[in-house]
Amino acid sequence: MKVLVTGGAGYIASHTIVLLAQQGYEIVALDNLSNSSRVCIDRVKELAGNGLAFYREDCRDKKALDKIFNKERIDAVIHFAGLKAVGESVSVPLKYYNNNLCSSITLLEVMQEHNVKNLVFSSSATVYGVPKMLPLAEDSPTSAVNPYGATKLMIENIAGDVFRADRDWHMIMLRYFNPVGAHPSGKIGEDPRGVPNNLMPYIAQVAVGKLDKLSIYGNDYPTPDGTGVRDYIHVMDLAAGHINALEKLPEVGYEVYNLGTGTGYSVLQMVEAFERASGKKIAYKFAPRRAGDVAECYASAEKAKAELGFTAKLSLDDMCADLWRWQTKNPNGYDLTQEEASKIILSRG
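Residues numbered from 1 in each chain as written. Predicted model: local features only at pLDDT ≥ 70, side-chain atom pairs only at ≥ 80, totals over all residues. Heavy atoms only, no water.

Caption draft 1: Up close: the environment of arginine 73. Mapped onto the elements of the fold, arginine 73 is located in the loop between α3 (62–71) and β4 (76–79). For arginine 73, a relative accessible area of 73% corresponds to the exposed category. (Helix = DSSP H or I, 4+ residues; strand = E, 2+ residues; numbered from the N terminus. Buried < 20%, exposed > 50% of the residue type's maximum accessible area, 1.4 Å probe, protein only.)

Rendered as structure tokens:
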């Protein structure tokens, strides 16, 4: 099977590509590199084998997508491409609506025209908004509270409407909880631009000395230690969930699955776990709660277990150890020294 992976240089997509290749899938990756690095693609090729075809294109460019679909015999698409920073989406909502919605609509149009009707979509637990009850199951109420989450929910609804209009489609929406960790090789991992929006890259950058101190927003939540509780899942487990979804696609029309562990950990528990993995003391300070943050958010993982055969296997200690390996090997992420960059340019000819 040949799979088109959009947003292929992104955090979760890059790890998924490596696992897909190891499982024998042919991969075509697409990314406009607006928020990612070509270095990531080079390292993915190294880990996955050089059979990876890469196109630097934007999913909103229909002509470019047409050329790819005409050239490659695509069987299925995993759609990761999209902007993903919650805070930024609040500041520049039009940027998020334009990028995330237009790219998805264009992709679906091209898939339909080329009769490629197998889709796995990278959705998010943000579609649940403020949880009404826990754990969050796939039939829990949805109500996104920021533009990023709203785009994910809208794309789910658009895909659902496409399926209801044409039952030949096979679609799985994967709602991720909080991905952390990195590939065990330390060659690929999460590389946020600027100050990280997510907890674990922030902790890792404090540990490696890039940032002075972690800000913990809120220590007065009704949780065991007063800090927010989230469901963290290793990125390699998350990648494995896409293999399960691809295998399930022929059996389904339109389905939604959570990908999480079903277990919540507090911010302070994550700090302690990373201190164990790194041997470093993480300096932190408490700050006021952020608007929109909730006390607890974790998944019901039962549907994915029963129907996809998916269960997260890697532990909290695995997540922290692999993240620390990535961060120490790549303190500046994919930003290379001039010497390293020169070697890559020479190797590409």
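This is not the end of the story, as more comes after the structure.
Caption draft 2: Structural view of helix α11 (residues 316–329). Taking 1.5 Å per residue, 14 residues should reach 20 Å; α11 reaches 20 Å between its end C-alpha atoms and fits that length. Listed as buried for α11 are Leu316, Met319, Cys320, Asp322, Leu323, Trp324, Trp326 and Gln327. Looking at the buried positions of α11, the neighbouring elements they touch are α2 (38–48), β7 (178–180), α7 (199–207), β10 (232–234), β12 (265–266) and α9 (267–278). (Expected span 1.5 Å × (residues − 1). Contact = heavy atoms within 4.5 Å.)

Caption draft 3: Quick peek at the sheet that holds strand β3 (residues 53–55). Taken in spatial order, the 7 strands make up an open sheet running β3-β2-β1-β4-β5-β6-β11, and their pairing is parallel. In the strand order of this sheet, the two ends are held by β3 and β11 (254–259), each with one partner. When strand polarity is set aside, the average angle formed by the axes of neighbouring strands in this sheet is 20 degrees. (Pairing = 2+ DSSP bridges. Axes fitted to C-alpha atoms, helices over the stretch in contact; angles between N-to-C directions.)

Caption draft 4: How the structure looks around the side chain of serine 14. Mapped onto the elements of the fold, serine 14 is located in helix α1 (residues 11–22). Of the polar contacts made by the side chain of serine 14, one reaches the side chain of histidine 15; its length is 3.4 Å. Excluding residues that lie within four positions of it along the chain, serine 14 makes contacts with Gly8, Cys40, Val44 and Ile188. (Polar contact = N/O pair within 3.5 Å; in protein donor to acceptor, adjacent residues only side chain to side chain.)

Caption draft 5: Just the pairing of strand β5 (residues 118–124), in detail. With 6 of 7 residues buried, β5 is to be regarded as a mostly interior element. Relative to β5, β4 runs parallel, the two sharing 3 bridges. Among the inter-strand pairings, valine 77 is bridged to a residue of β5, identified as leucine 119. In the sheet, β5 pairs with strand β6 (residues 170–176) via 7 bridges, with the strands oriented parallel. Residue pairing across strands places phenylalanine 121 opposite methionine 173, the latter belonging to β6.

Caption draft 6: Layout of unusual backbone geometry. Geometrically, the link from leucine 134 to proline 135 is a cis peptide bond, its omega value of -5 degrees lying close to zero. In this structure, proline 135 sits in the loop between β5 and α6 (147–165). With phi around 60 degrees, leucine 33 is a residue other than glycine that occupies positive phi space. Along the chain, the position of leucine 33 falls in the loop between β2 (26–30) and α2.

Caption draft 7: Main features of the pairing of β6. When you tally the buried positions in β6, you get 6 out of 7 residues, the bulk of the element. Running through α6, the crossover from β5 to the neighbouring parallel element β6 is right-handed. Pairing between β6 and β11: 6 bridges, direction parallel. Counterpart to leucine 174 in the pairing with β11 is tyrosine 257. (Right-handed = clockwise from strand over helix to strand, strands pointing away.)

Caption draft 8: Quick peek at the nonpolar core. One finds Leu174, Met200, Leu214, Leu246 and Phe274 to be the most contacted residues of the largest nonpolar core, which totals 70 residues. Sequence-distant contacts of phenylalanine 274, that is, excluding residues within four places in its chain, are made with Met200, Ile203, Ala204, Ala207, Gly279, Ile282, Cys320, Leu323 and Trp324. Residues Ile68, Leu107, Val116 and Ile155 belong to the second largest nonpolar core, which totals 27 residues. (Core = buried A, V, L, I, M, F, W, Y, C linked by side-chain atoms within 4.5 Å.)

Caption draft 9: Region of interest: the pattern of salt bridges. For the structure shown, the criterion picks out 17 salt bridges. Beyond isolated ion pairs, a larger network of salt bridges with shared partners links Lys62, Glu109 and Glu113. (Salt bridge = Lys/Arg side-chain N within 4 Å of Asp/Glu carboxyl O.)

Caption draft 10: The arrangement of the packing of aromatic side chains in detail. Evaluation of the coordinates by the stated rule reveals 5 aromatic pairs. Centroid distance phenylalanine 163 to tyrosine 254: 6.5 Å. Interplanar angle 25 degrees. Geometry classified as stacked. Taken as a pair, phenylalanine 163 in helix α6 and tyrosine 254 in strand β11 lie far apart in primary sequence, 91 residues in all. Owing to a relative accessible area of 11%, phenylalanine 163 belongs among the buried residues under this scheme. Measuring from ring centre to ring centre gives 5.6 Å for tyrosine 284 and phenylalanine 286, while their planes differ by 70 degrees; the resulting arrangement is edge-to-face. Lying across the ring of tyrosine 221, arginine 289 places its NZ or CZ 4.1 Å from the centre. Lysine 303 extends its terminal NZ or CZ atom over the ring of tyrosine 257, reaching a point 4.9 Å from the ring centre. (Phe/Tyr/Trp six-rings, centres within 6.5 Å; stacked < 30°, edge-to-face > 60°. Lys NZ or Arg CZ within 6 Å of the ring centre and 35° of its normal.)

Caption draft 11: Region of interest: the sheet that holds strand β14 (residues 296–297). Spatial strand order, β12-β9-β14: 3 strands in an open sheet with mixed pairing. On the outer flanks of this sheet lie β12 and β14, each paired with one strand and no other.

Caption draft 12: The environment of valine 90, seen in detail. Summarising the element assignment, valine 90 is placed in helix α4 (residues 86–91). On the basis of relative accessible area, valine 90 is assigned to the exposed category, the value being 51%. In this structure valine 90 touches Asn146 and Pro147, once residues within four positions along its chain are discounted.

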